[in-house]
Amino acid sequence: MSQTCLLYIEPLHLTVYQRQKDGLARLSRHAQDEEGLSEFAQYLETCEDHVFLVLADLPDESFFHETVPFVRGADRQAMLTRKVEQHCYGTELACALSLGRQPDGRHDEYMLFHAISRPQALDPWLDLLHQHKQPLQGIWSAAQLSAELGQLLQRNEDLVLIHTTTAGIRQTYIERGKLRFSRLSSYAVAGATLAQGFAAECSKLMQYLAGQRMINRNKLPPVILLSSPAREASLLEAFTAQADLRPELVDIAELAKRAKLSQPAPDLASELLMLHLLAGRNNTPQLAPPSARQFYRLWQGKKILRAAGWLGLIGGLLISAHFMYGASQLRQQADKIDQQRFAVEAQLQALIYKLPALPTELDNLRGIAQGLHTLDEARHTPLAMMSALSQVLDTYPDIQLEKLDWRTVGNVLPTPANSNSGNSNNPAQPIEQCTLNLSLSNENGFIEASRQRMISERINRFVQALNAQPGWRATLERAPIDVRPDATLSSSVEEREVQRPRFSVSITSAPKTEAQP
């Protein structure tokens, strides 16, 4: 799991904090010299899967206010980028903060362009992060986090917040929860004592804000002092000489409880509280350029790919579990069906055991039944059909039989009318089928094939004579004359065919199935 490290950078030192469940743990402190940079580089070599957030508490800060048209999308981004380059020339550590919109007119937007005017104070530390390819999530200034401290006060009014950090005394003007201006003064410049330094720096800040027409000289905003209750008397005494100021002491420990910081905040020093807010709330615009955050983007891509891989694995496991559950259900159903089949087979065997024993095996009985069926079919002879056919052929002496094929093709059961008449025990009668191959000739042995009409009429009368027999159905299967639509007819009179015209007739004879009247 990735670790979140916070780097607190002041003018001459860098302090490393690591985020933990119960708060922040201070790991190391490095001076901005060759030895300190070497120690910090050695620390970065040991960092694996760490994300770094930088809090810069430096005196070199700039604030520019401007009213711009309210636009959205790509136009807004292009406009703010142009304005940042215009106001924050010479530094890449800059951002644009929205202060709200005008209540009337075009409803333009108030913008604050904030930058660290001397980025050289951060370059040694940022270069080491880049050399070791450590992901930098962003850079925030102490002025931005001071505004976050002001929001913890939950006061919807303009105020001046004064607190101390390791770098010095931080004074921030907050207008209805929005950052307007901030400055850092060192302890040496502030005054002889800390309380006097608070009063002196607050007086200078009020004069500057009144000169910039940010506040009204006749109605100064309240002054909030973050300190411990033990220093309340000395701080309030230092402000007695300035009757126009309205100091109010807020316990920094109480403010830490509101921020859900479990570990106690050190006396007066508020950078730990700001770092805690920075680690927990990352919606504040940051100052780092895209080039400084390239390894952070790569780190985000790796996290996304890793999360997608885990989601794919979990999805695959869920799908596998679903199919395994379905297979288990099918297996149970198959087992249940097998049990039912075994039960039915057992019942069937029990019924078979109750039946009387057969005189022989079942296969022998099947063979005997098949033999009886074959004998029953062979019992019928073609004598009756051949006798009737010979009578028809005798009436047509010019038609000669060349080949005959006789067979039975099925049986006809007796009709209910016959069954009611007392013949219900009559066996089934076979259906006879006969195919005749015939030729046509005269007393000389042949006829002229060109006399096609006479040949066709003679064959048709022969077929009609066959159909006149009781129960017969005769069909001309092959005619001696080719009458196909695609056949070629010859019109030559000299060409004579002397071969016999041959034709084929199929006869089907079924026995009577209805009672005679």
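See the structure shown above.
The structure displayed is predicted, hence computed values, not measured ones.

Calculation notes
Residues numbered from 1 in each chain as written. Predicted model: local features only at pLDDT ≥ 70, side-chain atom pairs only at ≥ 80, totals over all residues. Heavy atoms only, no water. Buried < 20%, exposed > 50% of the residue type's maximum accessible area, 1.4 Å probe, protein only. Helix = DSSP H or I, 4+ residues; strand = E, 2+ residues; numbered from the N terminus. Pairing = 2+ DSSP bridges. Patch = residues over 30% accessible without salt bridge, like charges linked within 9 Å, V, L, I, M, F, W, Y side chains within 5 Å. Areas by Shrake-Rupley, 256 points an atom, 1.4 Å probe, with all protein chains shown as cover. Salt bridge = Lys/Arg side-chain N within 4 Å of Asp/Glu carboxyl O. Lys, Arg positive; Asp, Glu negative; His and termini not counted. Charge placed at Lys NZ, Arg CZ, Asp CG, Glu CD. Axes fitted to C-alpha atoms, helices over the stretch in contact; angles between N-to-C directions. Contact = heavy atoms within 4.5 Å. Core = buried A, V, L, I, M, F, W, Y, C linked by side-chain atoms within 4.5 Å.

Asker: Teacher, can you tell me more about the pairing of strand S17 (residues 502–509) here?
Answerer: A regular strand places its side chains so that they alternate between the two faces of the sheet. Within S17, seven of the eight residues are buried, leaving the element largely enclosed by the surrounding structure. As paired strands, strand S15 (residues 429–440) and S17 are joined by eight bridges and run antiparallel to one another. Bridge pairing in S17 places Leu436 opposite Val505. As paired elements, strand S16 (residues 472–478) and S17 share six bridges and run antiparallel to each other. Looking at the pairing, Leu476 lines up with Val505 of S17.

Asker: When you look at a positive patch on the surface in this model, what are you seeing that I'm missing?
Answerer: A surface patch of like charges, here positive, comprises Lys133, Lys302, Lys303 and Arg306. Within the fold, Lys303 resides in helix H10 (residues 294–354). Here Lys303 falls in the partly exposed class, since its relative accessible area comes to 31%.

Asker: What is the right way to read the sheet that holds strand S6 (residues 94–101) from this model?
Answerer: The strands that make up a sheet pair up through hydrogen bonds in the backbone, lying either parallel or antiparallel. Strand order in this open sheet of three strands is S5-S7-S6, and the pairing throughout is antiparallel. In this open sheet, the two strands that pair with only one neighbour each are strand S5 (61–68) and S6. Direction aside, the axes of adjacent strands within the sheet are offset by 20° on average. The sheet contact formed by S5 and strand S7 (residues 109–116) spans eight bridges and is antiparallel. What sits directly across from Ser62, in S7, is Ala115. Sheet strands in contact with helix H2 (residues 73–87) are S5, S6 and S7, and its direction is about 50° off that of S7. Against the sheet, helix H4 (residues 142–152) makes contact with S5, S6 and S7, and its axis sits at roughly 70° relative to S5, the strand it touches most.

Asker: Which parts of the structure should I look at to understand a nonpolar patch on the surface?
Answerer: On the surface, Trp310, Leu313, Ile314, Leu317 and Leu318 cluster together to form a nonpolar patch covering roughly 550 Å² of accessible area. Tracing the sequence through the fold places Trp310 in helix H10. Taking relative accessible area as the criterion, Trp310 reaches 53% and is therefore assigned exposed.

Asker: How should I be thinking about the nonpolar core in this particular structure?
Answerer: Inside soluble globular proteins, nonpolar side chains tend to come together where they are buried. Formed by 56 residues in total, the largest nonpolar core has its most connected members in Phe40, Phe52, Leu122 and Ile139. Per-element tally for this core: the top contributor is helix H6 (residues 194–211), with eight residues. Those residues within four positions of Phe52 in sequence are excluded, and the remaining contacts are Cys5, Leu7, Tyr43, Leu44, Cys47, Leu129, Gln134, Pro135, Leu136, Gln137 and Gly138. Counting 34 residues, the second largest nonpolar core, distinct from the first, contains Ala142, Leu153, Leu159 and Leu277.

Asker: Help me understand the pattern of salt bridges, please; the structure alone is not making it clear to me.
Answerer: Evaluation of the coordinates by the stated rule reveals 18 salt bridges. For Arg155, the salt bridge is made with Glu157, and the minimal N-O distance between the two is 2.7 Å. In this structure Glu157 comes out as partly exposed when scored by relative accessible area, which is 29%. Between Glu345 and Arg341 there is a salt bridge, and its shortest N-O distance comes to 3.2 Å. Of the two residues, Glu345 and Arg341 both sit in helix H10, four residues apart, roughly one turn of that helix. Accessibility expressed as a relative area gives 39% for Arg341, which makes it partly exposed. One network of salt bridges, in which partners are shared, links Asp57, Glu61 and Arg170.

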